[in-house]
Amino acid sequence: MIKIQNLSKSFNNGNNKIWAVKDVNLQINKGEIFGIIGLSGAGKSTLIRCINRLEEPSEGKIFIEGSDITSFDKKQLRNARKNIGMIFQHFNLLFQKNVYKNISFPLELEGLSKKEIDSRVNTLLEYVELSDKRDAYPSQLSGGQKQRVAIARALANNPKILLSDEGTSALDPKTTKSILDLLNKIRKEFNLTIVLITHQMEVVKDICDRVAIIEEGEIIEMNKVEELFKNPKTHTANAFISGLKSDIPDENFSPAEFEGTLIRLSFLGKSAKKPIVSQMVKKFDIDVNILSGNINELISTSVGHLILELSGQKDEIKKAMDYLNNENVNVEVI
Ligand code: ADP
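Summarised in this report is the structure supplied together with it. (Residues numbered from 1 in each chain as written. Predicted model: local features only at pLDDT ≥ 70, side-chain atom pairs only at ≥ 80, totals over all residues. Heavy atoms only, no water.)

### Some details on the overall build of the protein
Cut-off, in case you're wondering: Here a strand is any run of E in DSSP of at least two residues, a helix any run of H or I of at least four, and the numbering for each starts at the N terminus. Only protein chains enter the accessibility calculation, which uses a 1.4 Å probe. A residue is then buried if its area is under 20% of the maximum for its type, exposed if over 50%, and partly exposed in between. Contact criterion: two residues are considered in contact whenever any of their non-hydrogen atoms come within 4.5 Å of each other. His is not counted, nor are the chain ends, whereas Lys and Arg count as positive and Asp and Glu as negative. By convention, the point assigned to a charge is CZ for Arg, NZ for Lys, CD for Glu and CG for Asp.
Secondary structure assignment for the protein yields twelve helices and 14 strands. By its C-alpha atoms, the protein is 80 × 50 × 35 Å across when sized along the principal axes. Out of the 334 residues belonging to the protein, those deemed buried represent 51%. At a minimum sequence separation of 6, the contacts of the protein that also span at least 24 residues come to 70%. Of the side chains in the protein, 45 bear a positive and 44 a negative charge, and the two mean positions are spaced by 8 Å.

Encoded structure:
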């Protein structure tokens, strides 16, 4: 539905040329919530802003439902943008206008009648649960309420795509969760495609179907979220996932400090909930020492990680590890 082909974007910084986005290739499916995660300065914002040409790509093409929007003239682009709503970290509301006027603004630009506008704005206000704030000004709203107004405004023209430029980064964790729930509801009810950029793995974990990791303007890893959690390939992916586990003991165990064999297990979905370890202990003549573990609930499934020390005869340990593999558990000797 969105196809990004060999996209690059450079900025001239004095005598220097900075390549903020380098040869990015992506395909984002209809109805998908696609996350782009990276550290500050990685090129996330530039990349997402190229999708609706708030930033003009230097090279490459962007197809939306088959049409290359990089070839569009101003008028075609204005029309295309009606199908692409966008929300921002700092909401970008009109502070001199009340909630109603903020949401009605894009509809007025469309030339809708007063009656049509009134009906649409009231529906949107109900949808984002802000009917009682219709006459309030942005300064009288909490961060979460401001983002709900921005979401209602972004949905006013019934777009097919919603872009979120760090849409939850300025919000506390509880409000973030409620905004992510709202985005998920929107995706389901309107079959909207959502592309979001974030520096928070929590956001990816809670809402995204697939994720791309961007570093120095390049996509270095891309996968379904559950696969990324189960088997992260790059150091950066590992670091983002480890960031989530700050409340469990450090996983940097040194095998030299242990007599047994250290293994790291990762498992998805049903396997995460089965008592696989206790069954393994019963089946094989080994001792098991659990060193650390956690389970992350993703939008589609759950992913578990465990670090175990196995002690016993080599062949029993080997059989136990084969058993784990047969139970769809990834086993890695540390
Ligand atoms: P992120 O959103 O991941 O923090 P950005 O896309 O904002 O990253 O920035 C990527 C790189 O491009 C950074 O090195 C940044 O300084 C540079 N950059 C972004 N916008 C501009 C601009 N308008 N002019 C010059 N350099 C820019």
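### Looking at helix α5 (residues 143-155)
What counts is decided by this rule: Helices are assigned an expected span. That span is 1.5 Å times one less than the residue count.
Over its 13 residues, α5 extends 18 Å from the first C-alpha to the last, a length consistent with the 18 Å expected when each residue adds 1.5 Å. By the criterion of burial, α5 is predominantly enclosed, with eleven of the 13 residues buried. Listed in full, the buried residues belonging to α5 are Gly144, Lys146, Gln147, Arg148, Val149, Ala150, Ile151, Ala152, Arg153, Ala154 and Leu155.

### Looking at the site of the ligand
Put simply, the test is: Distances are taken per atom, and a residue is near a molecule or strand as soon as one of its heavy atoms is within 4 Å of it. Here a polar contact is recorded for every N or O atom pair within 3.5 Å, except that within protein the pair must consist of a potential hydrogen donor and a potential acceptor, and residues adjacent in sequence are included only if both atoms are side-chain atoms. In these tables, accessible area is a Shrake-Rupley quantity obtained with a 1.4 Å probe, and a residue counts as shielded only by the protein chains included in the view.
In the vicinity of the ligand, the residues found are Phe11, Ala20, Leu39, Ser40, Gly41, Ala42, Gly43, Lys44, Ser45 and Thr46. Between Gly41 and the ligand, the recorded distance is 2.7 Å, taken from a backbone N or O atom to an oxygen atom. Contacts to the ligand include Lys44, whose side-chain N or O atom sits 2.9 Å from an oxygen atom. Protein contacts shield 62% of the accessible area of the ligand, which totals 560 Å² for the unbound molecule. Here the element with the most residues in the shell around the ligand is helix α1 (residues 44-51); it accounts for three residues.

### Thoughts on α1
Counting buried positions over the eight residues of α1 gives six, a clear majority of the element. Buried within α1 are the following residues: Lys44, Thr46, Leu47, Ile48, Cys50 and Ile51.

### Some details on the pattern of salt bridges
Quick note on the threshold: A side-chain nitrogen of Lys or Arg and a carboxyl oxygen of Asp or Glu constitute a salt bridge if their distance falls within 4 Å.
Applying the stated criterion across every chain, the model contains 13 salt bridges. A salt bridge links Glu110 to Lys82; its shortest N-O distance comes to 3.2 Å. A residue pair is termed long-range when its members are at least 10 positions apart, and Glu110 in the loop between α3 (99-109) and α4 (114-127) and Lys82 in the loop between α2 (74-81) and β6 (84-88) qualify at 28 residues. Residue classification places Glu110 among the partly exposed residues on the basis of a relative accessible area of 34%. Residue Lys82 is classed as partly exposed on the basis of its relative accessible area of 30%.

### Overview of the pairing of strand β12 (residues 286-297)
Convention followed: Note on pairing: DSSP must find at least two bridges between two strands before they are called paired.
Bridging between β12 and strand β13 (residues 302-312) involves eleven bridges; their strand directions are antiparallel. Pairing of Glu297 across the sheet is with Ser302, part of β13. Here β12 folds back onto β13, and the loop between the two strands holds four residues.

### Brief notes about the sheet that holds strand β10 (residues 218-224)
Under the convention used in this document: Helix axes use the C-alpha atoms of the stretch in contact, all axes being lines fitted to C-alpha atoms, and the angles between their N-to-C directions lie in the range 0 to 180 degrees.
Sheet architecture is open: six strands sit in the order β6-β7-β8-β3-β9-β10, paired in mixed fashion. Bordering the open sheet on either side are β6 and β10, each of which pairs with just one other strand. Taking the axes of each pair of neighbouring strands and ignoring which way they run, one obtains an average angle of 15° across the sheet. As paired elements, β6 and strand β7 (residues 161-165) share five bridges and run parallel to each other. Bridging across to β7, Ile87 finds its partner in Ser164.

Don't take any of this as a statement about function, it's just geometry.
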